[in-house]
Each structure stands twice: as structure tokens, then as C-alpha cells.
Amino acid sequence: MYAVIRTGGKQYCVSPGEVVKIEKAGVKPSGAVEFNDVLAFSDGESPLSKPTGGKVLGTVVSEG
């Protein structure tokens with residue numbers, strides 16, 4: 001399963017459990033972050049699709 005999200009003017013392909021370095025989340029470490037700009041989604045079995053109202057949830061690991 002993976003999703004393509006857009007944040008900070010860049011696009012990222014993300015999967016569950018993956019660590020991704022982004023520009024700024026505006027959240028302190030261990031805080032939750034929500035990405036609402038989901039461009040595409042795949043469950044691994046079906047082709048990419050554009051979700052309606054989809055979001056990706058994550059946790060800030062560190063700042064740097």
C-alpha cells in the first residue's frame with residue numbers, strides 16, 4: 001500500500017511505517033501530522049486512484 005502526497009510544494013511517495021524527510025510539519029517531535037493533499041493511492045492490488053477526501057496520518061520523529 002502506498003500514497004502520493006504533496007506538502008511544502010513537493011510530492012512524496014509514502015508507505016506505512018516509512019520514514020520520510022519533509023521541509024516543515026509545524027508539529028513538535030512525537031506529535032501527529034495529517035496530510036490532506038493526497039494525489040494518488042494504491043492498495044497494492046488495484047491501480048493508482050485519486051481518493052476523494054483521503055488523508056495520510058503520520059508522526060513527527062525529529063526536527064533537523
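Above this text sits the structure in question.
Notes on the structure in this doc start here. (Residues numbered from 1 in each chain as written. Predicted model: local features only at pLDDT ≥ 70, side-chain atom pairs only at ≥ 80, totals over all residues. Heavy atoms only, no water.)

Examining the pattern of salt bridges
The tally for this structure, following the rule as stated, stands at 3 salt bridges. The partner of Asp37 in a salt bridge is Arg6, and the shortest N-O contact between them spans 2.8 Å. With Asp37 in the loop between β3 (32–35) and β4 (38–42) and Arg6 in strand β1 (residues 2–7), this pair connects stretches of sequence that are 31 residues apart. Relative accessible area serves as the criterion here: at 31%, Asp37 is assigned to the partly exposed category. A salt bridge links Glu23 to Lys10; its shortest N-O distance comes to 2.9 Å. Placement of the pair is Glu23 in the loop between β2 (10–14) and β3 and Lys10 in strand β2, with a sequence separation of 13 residues. Given a relative accessible area of 54%, Glu23 falls into the exposed group. (Salt bridge = Lys/Arg side-chain N within 4 Å of Asp/Glu carboxyl O. Helix = DSSP H or I, 4+ residues; strand = E, 2+ residues; numbered from the N terminus. Buried < 20%, exposed > 50% of the residue type's maximum accessible area, 1.4 Å probe, protein only.)

Here we look at the pairing of β3
Only one face of β3 is covered, namely the one carrying Val33 and Phe35; the face carrying Ala32 and Glu34 has none of its residues buried. The pairing of β3 with strand β5 (residues 56–59) spans 4 bridges and is antiparallel. Directly across from Glu34, in β5, lies its bridge partner Leu57. (Pairing = 2+ DSSP bridges.)

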